[in-house]
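Read off the chains here:
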Amino acid sequence: MATWTWLGLRLGSATTRWPRPDGDDGQSGLLGMPRFHPQHCKSACRECVDVCPTAAITQAPSDSDTNILIDYGRCVVCQLCTEVCPSGALSPSEDWAFGTPERTDLQWRKATDSAAGQRLKARIAMFRRSLHIRHVDAGSCNGCESELQALNNPFYNLHRLGIFFTPSPRFADLLLVTGPVTAPMREPLLNTYQAMPEPRLVMATGTCAVSGGISGDGYNTGRGLDGVLPVNLYLPGCPPNPAAVIEGLLVLLERMPARVKGGRLER
Amino acid sequence: MIAPAETQSLDEAALGTACADLLANGGRMQMAWGYKPSGEGRVDVCYLAAPGPKRPFVVWRVRDEGSIPSLAQQSPLLGWYEREITDLLGVQFRDHPEPLPLVLHRGARATCPPLDPEFPGRAMDFEHVLPDLPAVSGADVQLLPFGPVRADVVESARFFFFYVGEHILHYQPQLFFKHRGLEKRFEGRDPIHAVVLAERVSGVGSVAHALGYCEAVEAACGVEAPQRARRLRVLVAELERVYNHLHYLGHLADTTTLKVGQAQGRLLEEQAKQINARLTGSRLLRGVFIPGGVRRDLDPDREFIRWVGALQRDTDRYVHALERTTSFRDRLHDAGVLDRQTAFDQGATGPVERASGLDRDLRRDHPYAGYADTELQVPVQQAGDAYARFRVRVAELNASFEVILRLLPGLSRASGLRAAVTGRPGGEGLGWAESPRGALYYAVHFDGQGRLARVKIKSPSFSNWRVFPYTVHESNMMDYAINEASFGLTIAGCDR
């Protein structure tokens, strides 16, 4: 066993100081949600609408002030729209921290007035510091799980923030759900929620859980959590990276402000 | 013609003889799938056979005229494929040894099989019903149903253990809680951009799935990717193997309660994923491949080489520490033994079969992408236990680092990145990849407009989940988690 004691001591701490300002979030080079620049968008063009695999981008009705509508709750970050856009109206970005309590804040709109946070405040004032999470995979591709498992690696070390995964729903404050909710997982998911004590929170993690993503609305799948459970935080991403999950959790605990307003990330 | 495989139309009566001949000559069945072309009343069942290393794949195509004889008695690994074809396309297989639903749970009610072109586009009715369980009885025998919601952050599945004290008498996994019907979602799509779907079949196999899919579409359209694109495919595929195998080692250390070992394995995996993001913009290496080549150029510069080199050194040190730890090795030796014959018959693949003495690797035996000119060591172990599976993965990890670092100087910028591809009306193709978990196949069929009419996905975990229970029966509870970790299974790819 001396091998491991020595190795651990010699390697020292590997944990980032993020989200403190002097810390590294570890996501250098990572591509996030495409950014929309309506002033560059050409009116007769449908390239992005046609290529989007999840109908996150749709043609806007003729009376709107933009040509397209974007719902980032449906975006799987595939980047195809940024590749086909002829005018640079959709560009690659590093905007991956897309967790928000308001589903409507995932939809792009011109004005960014938002009531985000107010609804939250009333419900969860009692979870400010520590939080226990029960995770349920309701039909994911395992991409979300791969990133959730990374939360407890020494780099992110979720425990340092007072946030823990718990095996039993009886001890859980938050139900963290991935996947579009397949038919066989619907009942186990609802049973897990019922087994949790109140007050309880629900976080839709990954685009599948937010809207169904690429796998929703099939012969054996639903459209994510809406209509299944009350959702307190929506975190689209395919998959959301561990830093995005942490930021979402801290937004939920009101330890960080919600930054997504009108489909844009405030910086 | 399901290019590049030699395709033979067979009468159902000739199927048994063809299978017997194949097996007698050292061949092995690989998979089977059904396809019902729109407007035609009948289903074609296709069987993929591998006559042997370096010999081209063969597809047998049989028209369903009411029922087809089951081949599961001759080649047991086909049992699951036949059950899946019954679930999804309604084909009946005569004398099947396990005539039970597989992919659709017993409570699924469909008026029409879901992969039938006539299927109405809405969700099936579903009611929760327990699966069929064998009658295991006797004094003190207990039944433990575990899942589908289990401890920790894991994928959903349910396991039934019949046990006495510590001793497991019988083990039955119930999978397909996560069946998303992904194969159906390809139907009617443009073959180029549907690669985004393939990348999302199994998150930690995004690269292998995209690669198998692209190669299948390219084969169907008679297109070859340019050389630089093929080399980049090798680079990205080996990066996928690196982070997956590092995850595997950390997980194995976790199940043997080696806490620092677990943390270090997870940290190395994290470092690999951060390297992935810097190179490709995606921690899971998504968004690089497209039929015809790659979507954009990658620039593995000197800094990239330095990162990979550092990761290789740290991995080396880590593996040596694991090897020096007797408490770790002791738990792996003789745990979950899979003998060679069972591995062959039940269809084990990837590191699992190579740890049971089967010397197969698609990268070497049926080269694709840029593997034809890649020197590759294929490690094989004979013991078939958890330690052998660990050794094979460690050796593969080393080999992947070697391949990556050797490949970089030869990445010529002379050729293009992407050949033009358009869906060929009526075209059919087969693609494959040796994913970190083993053999993965895609079969694609185009319709008359060159759009996707049918896509069959065979992921390695579909094969290895079928094999795994044979190592659990008559073992003990204390070894279960270690044994499961040593298989390195995923569920998303299996369930689809």
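Keep in mind the model is a prediction, meaning the values are calculated, not measured. Residue positions within a chain follow its written sequence, with the count starting from 1. Here every chain gets a letter starting at A, and every ligand a number starting at 1, in the order they are written. Per-residue local features of the predicted model are confined to residues with pLDDT of at least 70, and side-chain atom pairs are confined, for both listing and counting, to 80 or more; whole-chain, interface and lining totals are unaffected and use all residues.

Colleague: Looking at this structure, how should I read the overall build of chain A?
Modeller: Within chain A, the secondary structure is distributed over eight helices and 11 strands. In terms of overall size, chain A behaves like a compact globule, its C-alpha atoms giving a radius of gyration of 19 Å where 267 residues would be expected to give roughly 18 Å. Oriented by its inertia axes, the alpha-carbon framework of chain A measures out at about 65 × 45 × 35 Å. In DSSP terms, a helix is any run of H or I states spanning at least four residues, a strand is any run of E spanning at least two, and both are numbered starting from the N terminus. Note on method: radius of gyration uses C-alpha positions; expected globular size equals 2.2 Å times residues raised to 0.38.

Colleague: Just checking my understanding: could you explain the interface of chain A and chain B for this structure?
Modeller: A common measure of how large an interface is: the accessible area buried when the components associate. We call two residues in contact if the C-beta atoms placed from their backbones are at most 7 Å apart. With 52 residues of chain A in contact, the opposing surface of chain B contributes 56 residues. Those elements giving two or more residues to the side of chain A that touches chain B turn out to be helix 1 (2-11), helix 3 (80-84), strand 5 (131-137), helix 5 (143-150) and helix 6 (183-195) of chain A. Each residue gets one of three labels, nonpolar for Ala, Val, Leu, Ile, Met, Phe, Trp, Tyr, Cys and Pro, charged for Asp, Glu, Lys and Arg, and polar for the others, Gly among them. Among the residues making up the side of chain A that touches chain B, the classes are represented as 26 nonpolar, 22 polar and four charged.

Colleague: How should I be thinking about the domain arrangement of chain A in this particular structure?
Modeller: All names here are of chain A. Note that the domain bounds were set by an automatic or database domain assignment. Under the domain assignment used here, chain A contains domain 1 (35-96) and domain 2 (118-265). Taken residue by residue, the interface counts 11 residues in domain 1 and 13 residues in domain 2. When grouped by side-chain class, the residues that make up the side of domain 1 that touches domain 2 number seven nonpolar, two polar and two charged.

Colleague: Whenever I open this one, the pairing of strand 5 of chain A confuses me. Can you help?
Modeller: Side-chain direction in a regular strand flips from residue to residue, so the side chains alternate between the two faces of the sheet. Residues and elements named next belong to chain A. In this scheme every C-beta is placed from the backbone, and a residue whose C-beta has 20 or more other C-beta atoms within 10 Å is buried, one with 12 or fewer is exposed, and one in between is partly exposed. For strand 5, the buried fraction is high: six of the seven residues fall into the buried class. By the bridge criterion, three bridges tie strand 5 to strand 6 (residues 163-165) in an arrangement that is parallel. What sits directly across from Leu131, in strand 6, is Ile163. Note: strand 5 against strand 7 (residues 174-178), five bridges, orientation parallel. If you follow His135 over to strand 7, its bridge partner there is Leu176. Two strands qualify as a pair provided that DSSP identifies no fewer than 2 bridges between them.

Colleague: Looking at this structure, how should I read the environment of Tyr318 of chain B?
Modeller: Residue and element names in this part refer to chain B. Here Tyr318 is to be found in helix 8 (residues 302-324). For the pair formed by Tyr318 and Val421, sequence separation is 103 residues and the distance between their alpha carbons is 44 Å. With sequence-adjacent residues up to four places away left out, Tyr318 is seen in contact with Gln264, Gly265 and Leu268.

Colleague: Explain the sheet that holds strand 6 of chain A here, please?
Modeller: Strands in a sheet are paired, the pairing made by backbone hydrogen bonds, and the direction either parallel or antiparallel. All names here are of chain A. Ordered by their spatial adjacency, five strands build an open sheet running 6-5-7-8-9, and the pairing between neighbours is parallel. Unpaired on one side and paired on the other, strand 6 and strand 9 (233-235) mark the two borders of the sheet. In this sheet, neighbouring strand axes are inclined to one another by 25° on average, regardless of whether the strands run parallel or antiparallel. The angle between two axes is taken between their N-to-C directions and runs from 0 to 180 degrees, where each axis is a line fitted to C-alpha atoms and a helix contributes only its stretch in contact. Against the sheet, helix 8 (residues 242-252) makes contact with strand 5, strand 6, strand 8 (201-205) and strand 9, and its axis sits at roughly 165° relative to strand 9, the strand it touches most.

Colleague: Please explain the packing of helix 5 (residues 206-221) of chain B against helix 6 (residues 227-255) of chain B as it appears in this structure.
Modeller: When two helices pack together, their arrangement is captured by the angle between the axes and the distance separating the axes. Residues and elements named next belong to chain B. For the pair helix 5 and helix 6, interaxial distance at closest approach is 8 Å and the crossing angle is 145°. Within the contact between the two elements, helix 5 uses Val207, Ala208 and Leu211 and helix 6 uses Arg233, Val236, Ala237 and Glu240. Looking at side-chain class alone, the contact of helix 5 with helix 6 contains five nonpolar, no polar and two charged residues.

Colleague: Is there a simple way to think about the sheet that holds strand 9 (residues 142-146) of chain B in this case?
Modeller: Residues and elements named next belong to chain B. The three strands lie next to each other as 9-10-11, forming an open sheet whose pairing is antiparallel. Single-partner strands in this sheet number two, and they are strand 9 and strand 11 (167-174). Pairwise comparison of adjacent strand axes, ignoring direction, gives a mean angle of 15° for this sheet. Where strand 10 (residues 158-164) meets strand 11, seven bridges bridge the pair, whose relative direction is antiparallel. From the neighbouring strand, Phe159 faces strand 11, where its bridge partner is Pro173.

Colleague: Can you walk me through the confidence of the model for chain B in this structure?
Modeller: Low pLDDT means the predicted atomic positions in that stretch should not be read closely. Per-residue confidence for chain B averages 94 on the pLDDT scale, and 100% of its residues sit at or above 70. Across the interfaces of the predicted complex, the ipTM metric reaches 0.93, alongside a pTM of 0.95. Per residue, pLDDT measures the predictor's confidence, with a range of 0 to 100.

Colleague: Would you mind showing me how to read helix 8 of chain A here?
Modeller: Along an α-helix, residues three or four apart share an orientation, since each turn contains 3.6 residues. Residue and element names in this part refer to chain A. A large share of helix 8 lies buried, amounting to 10 of its 11 residues. All buried positions along helix 8 are accounted for by Pro242, Ala243, Ala244, Val245, Ile246, Glu247, Gly248, Leu249, Val251 and Leu252. Note on helix 8: the residue one or two positions beyond its end, Glu254, has a positive phi of about 60°.

Colleague: I'm lost on the packing of helix 6 of chain B against helix 13 (residues 386-407) of chain B in this one. Help?
Modeller: Residue and element names in this part refer to chain B. Contact pair helix 6 / helix 13: the axes reach a minimum separation of 9 Å and the direction vectors enclose 150°. Here helix 6 and helix 13 pass one another in a crossing that is left-handed. Here helix 6 contributes Arg231, Val234, Leu235, Glu238, Leu239, Arg241, Val242, His245, Tyr248 and Leu252 to the contact with helix 13, which in turn contributes Phe390, Arg393, Glu396, Leu397, Ser400, Phe401, Val403, Ile404 and Leu407. The class makeup of the residues in the contact of helix 6 with helix 13 is 12 nonpolar, two polar and five charged. Should the near helix be turned anticlockwise from the far one by less than a right angle, the crossing is termed left-handed; should it be turned clockwise, right-handed.

Colleague: Whenever I open this one, the domain arrangement of chain B confuses me. Can you help?
Modeller: All names here are of chain B. With domains assigned, chain B is organised as domain 1 (6-126), domain 2 (142-174) and domain 3 (191-486). Taken over C-alpha atoms, the centre of domain 2 sits 28 Å from the centre of domain 3. Taken together, the eight residues of domain 2 in the interface contact nine residues of domain 3. The residue makeup of the side of domain 2 that touches domain 3, split by class, is four nonpolar, three polar and one charged.

Colleague: I tried to follow the pairing of strand 4 (residues 58-63) of chain B on my own but got confused; where do I start?
Modeller: Residues and elements named next belong to chain B. Relative to strand 4, strand 1 (residues 6-10) runs parallel, the two being bridged by five bridges. Note that in strand 4 the partner of Leu10 across the bridge is Val62. Pairing geometry for strand 3 (residues 44-50) and strand 4, over six bridges, is antiparallel. Looking at the pairing, Cys46 lines up with Arg61 of strand 4.

Colleague: Would you explain unusual backbone geometry in this entry?
Modeller: What you tend to see is this: most non-glycine residues have negative phi, and most peptide bonds are trans. Residues Trp18 of chain A and Pro19 of chain A are joined by a peptide bond in cis, for which omega reads 10°. With respect to the helices, strands and loops of the structure, Pro19 of chain A is situated in the loop between helix 1 and strand 1 (35-36). Residue Pro239 of chain A is reached from Cys238 of chain A by a cis peptide bond, and omega for that bond is -15°. Here Pro239 of chain A shows up in the loop between strand 9 and helix 8. Residue Lys54 of chain B is not a glycine yet carries a positive backbone phi of 70°. Inspection of the secondary structure puts Lys54 of chain B in the loop between strand 3 and strand 4. Its 9 C-beta neighbours within 10 Å are what place Lys54 of chain B among the exposed residues. With a phi close to 65°, Leu285 of chain B is a non-glycine residue in the positive phi region.

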